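Structure at a glance
Spelled out from the first residue to the last, the chains are:
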Amino acid sequence: MITLSITKNIHDWLFSIMPEGVASIAEMVLIAVVYLAIFAVAGLYLVLLERKVAAWFQLRIGPNRVGFWGLLQTMADALKLVSKELTGTAKADMFLYNLAPYFVIVSSLMALAVFPFTQEFQAFDINIGIFFLIAISSIGVIGILLGGWASNNKFALIGAMRSGVQTISYELSVGLSLLTMVLITGSLQLSEIVEVQKNGWLIVQGHIPAVIAFMIYMIAGTAETNRAPFDLVEAESELGAGFHTEYSGMKFAYFFLAEFINMFIIAAIATTIFFGGWLSPFGITESIPLLGVFWFLGKTLVIVFLMMWFRWTFPRLRIDQLLTLEWKYLLPLNLLNIILMALVVWLNLTIQI
Amino acid sequence: MGLMKDYKTEFMTNEALQNLINSWIPELEFTEEGSQFLNIKVKPEQLHQLMSQLKSNPETNFDYLFCLSGVDYEKELGVVYHIESTTHRHIVVVKVQTEDRENPTFDSVYDIWKTAEFHEREVFDFFGIIFNNHPNLKRLFLTEDWDGFPLRKDYVDEINMVIK
Amino acid sequence: MDTTTIKNSFKSEEYFINMGPQHPATHGVLRLLLTIDGEIIKKVEPDLGYIHRSIEKMCERDSYQQIVHLTDRMDYLSSHINNEAVCLTVENALQLEIPDRVKVIRTIIGELTRIASHTLWWGVMGMDVGALTTYFYGFRDRELINDIFEETCGARLTMNYNIPGGLMFDIHPNFVKRTKDFIAHFKTKLPEYDTLLTGNVIFQKRMKGVGILTKEDAISFGASGPVGRGSGYSCDVRKHHPYSALDKVTFKEALKTEGDSLARYEVRIQEMWESMSIIEQLIDNIPEGDIQVATNAVIKLPKGEFYQKVETARGELGVYIVSTGTKNPYRLKFRSPGFSNISLLNHIAVGGKIGDLVASMATLDIVVPDIDR
């Protein structure tokens, strides 16, 4: 049985060579660097994946010149963005203008830190896991609103206001649909939730209310990240480029990457809560915990592909239609679903494999 | 959907049209020479009255103004209106001219056919003809500070015009 | 355009936004000055003239064969039909007897142009409302038509295949076969496009009830083409004043009565089916004969006035020539469909939201060089 004790080994090694205070700080810095690297690489390759998937839907090939199969394409794009001039507007509020991208980056990074990639391979396993996740992703909105306001540009402001309204509304649905699943697990802690799913993935355990919760979660999650069909924030054909009109170079790259990482996070939450996290179906590779990483990534990428599919197929909703969808349809449906799930759990009707 | 007026769709020949329209206003000139439609020449003062009667009378019912052009006849400046009836499908051409090249003025037919708004702005832009009672008479294609009226025959522009 | 007067003339909650001239949603260089209150539009004023090339003044100096070349640049998506308009005016004025072969080929190529224009419109329409993939699907099919034209006429966009008196050269031997193959291919694709976009509930919500135009307003504003037909106004020039071989074919005029954007959209899809049916009726029986009637090298129209209407993909194009017997027209006016269609933009967009303006404008299908001439 190959246990994954890398984290424990590194932890012990660090504590043995340095005094305790310094060792804890060194450990935290190390973890932060690892996550920043994951963030950067994941962001870059998600962008490439989006371009390849889009090309596939549109009957073309996508980037394939830079590196084999275009694998170095986003590297080249990142280099280009780093070398661009950081133009700002003269009348922009400089402090807020510079601060805005950091809000979205920091909130995405913090959310990324709590996921269990496989058994005992989790950076931050607090007992209020899901609650923490939802709270942290709400902070990202501040970045968008600040970016739009501080740009001193009418179009950016309209885009930012629309986005703010949209995100705040759909957070409710995200939170409530996740709450529906917590009723089965009985715990908010993410590693516990994955443990509970050893008896069958939660979407199977909860059958009907879980499927409804998943569908609501997918709709609300796509809206949270401002992706199509809810992307009127960046509706290119209407307003130029929305709230990041005035950003260029590295700051634009921050917003751009943060959107893709947010998409990854929404997919990762869905995988952890609904589809068993790093567990293999029917426990086929339970004896090799290291493979859990691949199961986790595989499931997440399937859901990411689903979100990309939405983007390239559906037209865009108007702002009032979007808000009607949330407040008049999704929210009452969600509340009823919670009651239904509570009944299912109380009467012990969950399917246990 | 709007009201569907109950018209017997009856195509009127040029002769019948000429008789009917002449009975409203006697001092009109009718001709069919050099054109495939019936041409009516009207004086500027009676233009608006003739046009509103052409539209409102149920036998003629000219509700579709499909072409409004300005023409510079060397001495006079004129406007040519091509109108059609969507129910009876007959077409007439109404022409109006003025010799006043400094300050040519006609009545606007915007209140009769809304399509005239842009067409009359175009005629103003290129010929300098002013239309009374137009809601928004200013230049349409050229910039506000352009000097002169390009489609007039006496327009000279050494820089922009290429003469063969 | 005086922006300070606009800014001074509205109330304090309204603000003023400029859409264009370079803008992904306006199909060409069109500038729209919007006065908005929150998200509701209070006034739309189009600012034209960014691509004004004084074609009408140039026509007063050029010969009739040269004028045909200028017309392609007006509405470049129905270039063949524009050429046909001027050629027909000249031929009717000179009272030339055009051979049947020419008439049938002109009609077939005209209908192919209409299909090409509508597929491009469909692709761009999807892109405007957010379904970004439709752009590629529309262009893929348009490329097939462009390939047919390239083989016969030598050009893909500005064809110049018509001359006063007939056609410039005979059709390529592959023309009939390739057209038939294209029709067979497109008949399988058009239902796919219908399902992808028309049946989508988001799309229906964006288009239904948006930008309503009543029949009286359509006639009063001079709307023609699919814009008029979407409001129930029967204005197809091919039916009421047929030209070329159009009196020999049977087809239905696509009419809808609701007058909203969805109606105009469906009219154009229906028109594509009807165009295919017209081509099928003609493609097998192209009569043999000459392709040109001899005209003088220097064409002089007799003294008088001549008017010809044709139905382009956008609506009714009119050519009005005043001739004094010389080799250039005394005055040539083009009555362009886009010019009348855009005058009703203010009427249908006021009271709606910005997203509705984009959707309505996409269904008006304007090509700005057609408006500006």
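Small disclaimer: the values here were computed from a predicted structure and weren't measured. (Residues numbered from 1 in each chain as written. Chains lettered and ligands numbered in written order. Predicted model: local features only at pLDDT ≥ 70, side-chain atom pairs only at ≥ 80, totals over all residues. Heavy atoms only, no water.)

Tallying each qualifying case throughout the model produces 45 salt bridges over all chains. The closest approach of N and O atoms between B:K114 and C:D217, which form a salt bridge, is 3.4 Å. Here B:K114, found in the loop between β6 (105-107) and α3 (116-127), pairs with C:D217, found in helix α9 (residues 215-220), and the two come from separate chains. Given the relative accessible area of 15%, C:D217 is considered buried. Between C:R101 and C:D170 there is a salt bridge, with its nearest N and O atoms 3.0 Å apart. Placement of the pair is C:R101 in helix α5 (residues 100-129) and C:D170 in the loop between β5 (166-167) and α7 (175-198), with a sequence separation of 69 residues. For C:R101, a relative accessible area of 8% gives the class buried. A relative accessible area of 37% places C:D170 in the partly exposed class. Here the residues in one salt-bridge network are B:E122, C:E56, C:R331, C:K333 and C:R373, joined through shared partners. (Salt bridge = Lys/Arg side-chain N within 4 Å of Asp/Glu carboxyl O. Helix = DSSP H or I, 4+ residues; strand = E, 2+ residues; numbered from the N terminus. Buried < 20%, exposed > 50% of the residue type's maximum accessible area, 1.4 Å probe, protein only.)

Attention shifts here to the interface of chain C and chain A. Across the contact, 31 residues belong to chain C and 23 residues belong to chain A. Between chain C and chain A the total buried area reaches about 2400 Å² when both faces are included, carbon and sulfur atoms providing 60% of it. When the area that chain C buries against chain A is broken down by residue, the three leading residues are C:L132, C:I202 and C:R206, summing to 21%. At the boundary of chain C with chain A, the tally comes to two salt bridges. The residue A:R318 makes a salt bridge to C:D356 at a minimum N-O spacing of 2.6 Å. At the boundary of chain C and chain A, one finds six residue pairs in polar contact (both at pLDDT 80 or more). Elements represented by at least two residues in the side of chain C that touches chain A include exactly β1 (15-19), α5, α6 (134-153), α7, α8 (201-207) and α15 (354-364) of chain C. Class assignment for the residues of the side of chain C that touches chain A results in 18 nonpolar, six polar and seven charged. (Contact = heavy atoms within 4.5 Å. Buried area = accessible area lost by both parts, 1.4 Å probe. Polar contact = N/O pair within 3.5 Å; in protein donor to acceptor, adjacent residues only side chain to side chain. Nonpolar A, V, L, I, M, F, W, Y, C, P; charged D, E, K, R; others polar.)

Listed by partner, the interface residues are 45 residues for chain C and 49 residues for chain B. Residue C:E45 is joined to B:K138 by a salt bridge in which the shortest nitrogen-to-oxygen separation is 3.4 Å. Listed by contribution, the elements that provide at least two residues to the side of chain C that touches chain B are β3 (40-47), α2 (55-59), α9, β6 (304-311), β7 (316-323), β8 (331-335), α13 (337-343) and α16 (368-372) of chain C. Of the residues that constitute the side of chain C that touches chain B, the class distribution is 14 nonpolar, 13 polar and 18 charged.

All names here are of chain C. Buried within helix α3 (residues 64-71) are the following residues: Y64, I67, V68, L70 and T71. End-on view of α3: buried residues confined to an arc of 160°, all on one side of the axis. Along its buried surface, α3 packs onto α2, α4 (79-94), β4 (162-163), β7 and β8. (Arc of directions from axis to C-beta.)

Let us now look at the side chain of B:E122. With respect to the helices and strands, the residue B:E122 is situated in helix α3. Owing to a relative accessible area of 3%, B:E122 belongs among the buried residues under this scheme. Discounting chain neighbours no more than four positions away, the residues touching B:E122 are B:L140, B:F141, C:E56, C:K333, C:F339 and C:R373.

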